[in-house]
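Examination of the molecular architecture
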Amino acid sequence: MKQKKITKLLVANRGEIALRVMRSAREMGIQTVAVFSEADRHALHVRFADESVCIGPPASAESYLRGEKIIAAAKETGADAIHPGYGFLSENEAFAKKVAESGLIFVGPPPEAIRIMGSKLAAKNAAAQFKVPLVPGTSEPISDVSKAKKLSKEIGYPILIKASAGGGGKGMRIVERESEFEEQMERAVSEAKSAFGDGSVFIEKFVTKPRHIEFQIFGDQHGNIVHLFERECSIQRRHQKVVEEAPSSILTPELREAMGKAAVNAAKSCGYFNAGTVEFILDESMNFYFLEMNTRLQVEHPVTEQITGLDLVNLQIRIAQGEKMPFKQEDLRINGHAIEVRVYAEDPANNFLPDIGTLKTYRRPQGHGIRVDDGFEEGMAISFYYDPMIAKMICHAGTREAAIEKTIRAIDEYNITGVETTLGFCKFVMKHPAFRSGAFDTRFVEQYFKPEVLRQHESNPDRDLIAAALAAMTFAESSAPAAASQPVESGRSKWKLNRLS
Ligand code: MV4
């Protein structure tokens, strides 16, 4: 594999991840190119980059998803590499191929690995060759209902029907008993057809109380693959993660080693290099099963960075340049504990509906062990064209308990007005006995969260206070702008309510 230094990197993304990638590139002496839609003309990633190119109208389908425009922008600016970030074109095999065919470096895995892992069945079959544990189920798409029923009986109900092309829980159907089989299979197939244009489905034993544990892996282009330990991502709502942590509070060193080896093998099974994530579920008896592999840098990668001390984007770029992995598995240690909470412009009291608007106040928490990855400043608007994530806040401390307390302190210090956010919800998670004890699974949110827990304790007094402070601020602003922020700041800390305790 020949080495080729990257001198100018185009980042095919927006928001916090575009900034995240450009920061590492700049530290490496690499020039940066931003692409942006008409809605993002004044966005921070555009301001941060050395150069920028407008690639189309606001809708993602007309801008951030247009591979050919992005490649043209790279050519035009003389970039020699493209980093796709997450989402958008990051797991698009055809795009990765076209980037390479255009003589550019794709900062990511080989197209072939993206292709294999993009199909759940192909992924499972590849992993099986390398003895990675799988949930009992079929290795081929099912079409014959009576055969499928017979198999399901052998596996034992409840079973799960999944779409091979699926993702994010789409096209998944639980079948509790044989009498429901046909109906659920029909639904799964039609859902898969309309969502992915591919009606292939397969069967798995349904693991009823799974924990979602994923391993970060890294491979170079010389055949070396290591894992960077796990992230626990069981706190989700409708397949969207809200709180992630590293390490998981329930893995023993032995289980970590076994799962880590399985993760490395899953990566080997598809000839992987660069950053990837191998997703497992863990059942109540601590059996683990490979589910799928994500062939991109993930949103939650910072918790891994905090506990390993590594810069994953720096590593991605070095690997894309053909460099060898700069460390071995045995050099890696877990240092402390990190928790990430995702701050969404969503209203937890209203079924987490996006709450689009302007960040009237936006003050980040500060202090020891706190990192905020975001793409906004006070006064900016959250656009309805894109994901409503405002920020990721990552707290790192010596122990899980200390990381939880730091997260609570930082949530209290975070000051966002103008939109509803998931911060109060995340505080609820941090204070919940099930989360604190570590005894939780992917059903946490549906089991324990009701909007009332936020309304009762939080909203009324606090909201009144903020309203009063804002009124005072508006008043002050008209005469003395410099003093404007004072009432909110001092009001909040003086009146801090132990909202969810
Ligand atoms: C499962 C499962 C239980 N049993 N497979 C959800 C999305 C996709 N990544 C796989 N998912 C699941 N597959 C079997 N055989 C439960 C889930 C699941 C889940 C997995 C990880 C994190 C959160 C989840 C929430 C609901 C269901």
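Residues numbered from 1 in each chain as written. Predicted model: local features only at pLDDT ≥ 70, side-chain atom pairs only at ≥ 80, totals over all residues. Heavy atoms only, no water.

This part covers the packing of aromatic side chains. Where two aromatic rings form a pair, the distance of their centres and the angle of their planes describe that pair. Scanning the model with the defined rule gives 17 aromatic pairs in all. Centre to centre, the rings of Phe-425 and Phe-428 are 6.2 Å apart; their planes meet at 35°, and the pair counts as tilted. Placement of the pair is Phe-425 and Phe-428 together in helix α13 (residues 423-431), with a separation of 3 residues, close to one helical turn. The exposure class of Phe-425 is buried, given its relative accessible area of 0%. (Phe/Tyr/Trp six-rings, centres within 6.5 Å; stacked < 30°, edge-to-face > 60°. Helix = DSSP H or I, 4+ residues; strand = E, 2+ residues; numbered from the N terminus. Buried < 20%, exposed > 50% of the residue type's maximum accessible area, 1.4 Å probe, protein only.)

Near the ligand you find 18 residues, and of these Lys-162, Glu-204, Lys-205, Val-207 and Glu-279 are the closest. At 2.9 Å from a nitrogen atom of the ligand is found a main-chain nitrogen or oxygen belonging to Val-207. Sorting the residues of the shell around the ligand by element identifies β6 (159-163), β8 (201-205), β12 (274-282) and β13 (288-294) as the ones contributing at least two each. Across the shell around the ligand, the residue classes tally to 8 nonpolar, 5 polar and 5 charged. For the shell around the ligand, the domains that each give at least three residues are domain 2 (111-133 + 207-335) and domain 3 (136-205). (Near = heavy atom within 4 Å. Polar contact = N/O pair within 3.5 Å; in protein donor to acceptor, adjacent residues only side chain to side chain. Nonpolar A, V, L, I, M, F, W, Y, C, P; charged D, E, K, R; others polar. Domains from an automatic or database assignment.)

The next subject is the side chain of Arg-237. For Arg-237, the location among the structural elements is in strand β10 (residues 225-237). A relative accessible area of 8% means that Arg-237 is categorised as buried. Not counting residues within four places of it along the chain, the set of residues in contact with Arg-237 comprises Val-242, Glu-346, Asn-351, Phe-352 and Val-445. (Contact = heavy atoms within 4.5 Å.)

To continue, consider the side chain of Ser-37. By the secondary structure assignment, Ser-37 is in strand β2 (residues 31-37). With near-sequence residues (within four places) excluded, Ser-37 lies in contact with Cys-54, Gly-56, Pro-57, Pro-58, Ser-63, Tyr-64 and Tyr-386.

Moving on, we come to unusual backbone geometry. A cis amide bond, omega 0°, links Tyr-157 with the succeeding residue Pro-158. On the secondary structure map, Pro-158 appears in the loop between α7 (145-155) and β6. Cis geometry is adopted by the peptide bond preceding Pro-247, which originates at Ala-246 and carries an omega value of -5°. Here Pro-247 shows up in the loop between β11 (240-246) and α9 (253-268). Positive phi, normally seen in glycine, also occurs at Asn-274, with a value near 70°. Residue position: Asn-274 is located in strand β12. Not every positive phi belongs to a glycine, and Phe-352 is a case in point at roughly 55°. Mapped onto the secondary structure, Phe-352 falls in the loop between β15 (346-347) and β16 (353-354). Judged by its relative accessible area of 7%, Phe-352 falls in the buried class.

When pLDDT is averaged across the protein, the result is 91; 90% of the residues are at 70 or more. Overall, residues 474-501 carries pLDDT values under 50, and its contacts beyond four positions in sequence, including any with other chains, amount to 41 contacts. (pLDDT = per-residue confidence, 0-100.)

Take the sheet that holds strand β7 (residues 173-175) next. Sheets are built from strands that pair by backbone hydrogen bonding, the pairs being arranged parallel or antiparallel. The antiparallel open sheet is built from 3 strands, whose spatial order is β7-β6-β8. Whereas interior strands pair on both sides, the edge strands pair on one side only; in this sheet they are β7 and β8. Strand-to-strand twist in this sheet, taken as the mean axis angle between neighbours without regard to direction, amounts to 30°. (Pairing = 2+ DSSP bridges. Axes fitted to C-alpha atoms, helices over the stretch in contact; angles between N-to-C directions.)

Moving on: the environment of Lys-170. Position of Lys-170 among the secondary structure elements: in the loop between β6 and β7. Judged by its relative accessible area of 52%, Lys-170 is exposed. For the pair Lys-170 and Glu-446, spaced 276 residues apart in sequence, the C-alpha separation works out to 18 Å.

Counting residues in hydrophobic clusters, the biggest one holds 42 residues, and the most contacted among them are Ile-390 and Phe-425. Put simply, the parts of the chain that give this core at least two residues each are β11, β14 (337-344), β19 (389-397), α12 (400-413), α13, α14 (433-437) and α15 (444-448). Mapping this core onto the domain boundaries places at least three of its residues in each of domain 2 (111-133 + 207-335) and domain 4 (339-501). When sequence neighbours within four positions are dropped, the list of residues in contact with Ile-390 reads Val-343, Tyr-344, Ala-345, Leu-359, Tyr-362, Asp-374, Gly-375, Phe-376, Ile-382, Ile-416, Val-419 and Thr-421. (Core = buried A, V, L, I, M, F, W, Y, C linked by side-chain atoms within 4.5 Å.)

In the case of a regular strand, side chains alternate between the two sheet surfaces. Burial of β14 is extensive: 8 of the 8 residues sit out of reach of the surface. Alternating positions in β14 separate into two faces, His-337, Ile-339, Val-341 and Val-343 on one and Ala-338, Glu-340, Arg-342 and Tyr-344 on the other, with burial throughout. Looking at chain direction, β11 and β14 are connected through 4 bridges and run antiparallel. In the sheet register, Glu-244 faces β14, and the bridge partner there is Glu-340. With 8 bridges connecting them, β14 and β19 associate as antiparallel partners. Counterpart to Val-341 in the pairing with β19 is Met-393.

So, on to helix α5 (residues 111-118). The complete set of buried residues in α5 reads Ala-113, Ile-114, Ile-116 and Met-117. In a view along the axis of α5, the buried residues occupy a sector of 165°, so they form one face of it. On the buried face of α5, the contacting elements are α4 (93-101), β5 (105-106), α6 (120-129), α9 and β13. (Arc of directions from axis to C-beta.)

Taken together, the side chains of Ile-356, Phe-384 and Tyr-385 define a hydrophobic patch exposed on the protein surface, amounting to about 320 Å² of accessible area. By the element assignment, Phe-384 lies in the loop between β18 (370-374) and β19. By relative accessible area, Phe-384 is classed as exposed at 61%. (Patch = residues over 30% accessible without salt bridge, like charges linked within 9 Å, V, L, I, M, F, W, Y side chains within 5 Å. Areas by Shrake-Rupley, 256 points an atom, 1.4 Å probe, with all protein chains shown as cover. Salt bridge = Lys/Arg side-chain N within 4 Å of Asp/Glu carboxyl O.)

What follows is about the packing of α7 against helix α8 (residues 181-196). Where α7 meets α8, the axes come as close as 11 Å, and the angle between the chain directions of the two elements is 115°. Taken together, the axis directions place α7 and α8 in an arrangement best described as roughly perpendicular. Considering only the axes of α7 and α8, their crossing is right-handed. Contact residues: α7 offers Val-145, Ala-148, Lys-149 and Ser-152, while α8 offers Phe-181, Glu-182 and Met-185. (Parallel < 35°, antiparallel > 145°, perpendicular 65-115°, else oblique. Left-handed = near helix turned anticlockwise from the far one by under 90°.)

Turning our eyes to something else, we now look at the sheet that holds β18. Strands sit in the order β13-β12-β9-β10-β11-β14-β19-β18 across an open sheet of 8 strands; the sheet is antiparallel. Each edge of the open sheet carries a strand with a single partner, namely β13 and β18. Going across the sheet, the axis of each strand differs from the next one's by a mean of 25°, ignoring polarity. Relative to β10, strand β9 (residues 211-219) runs antiparallel, the two being bridged by 6 bridges.

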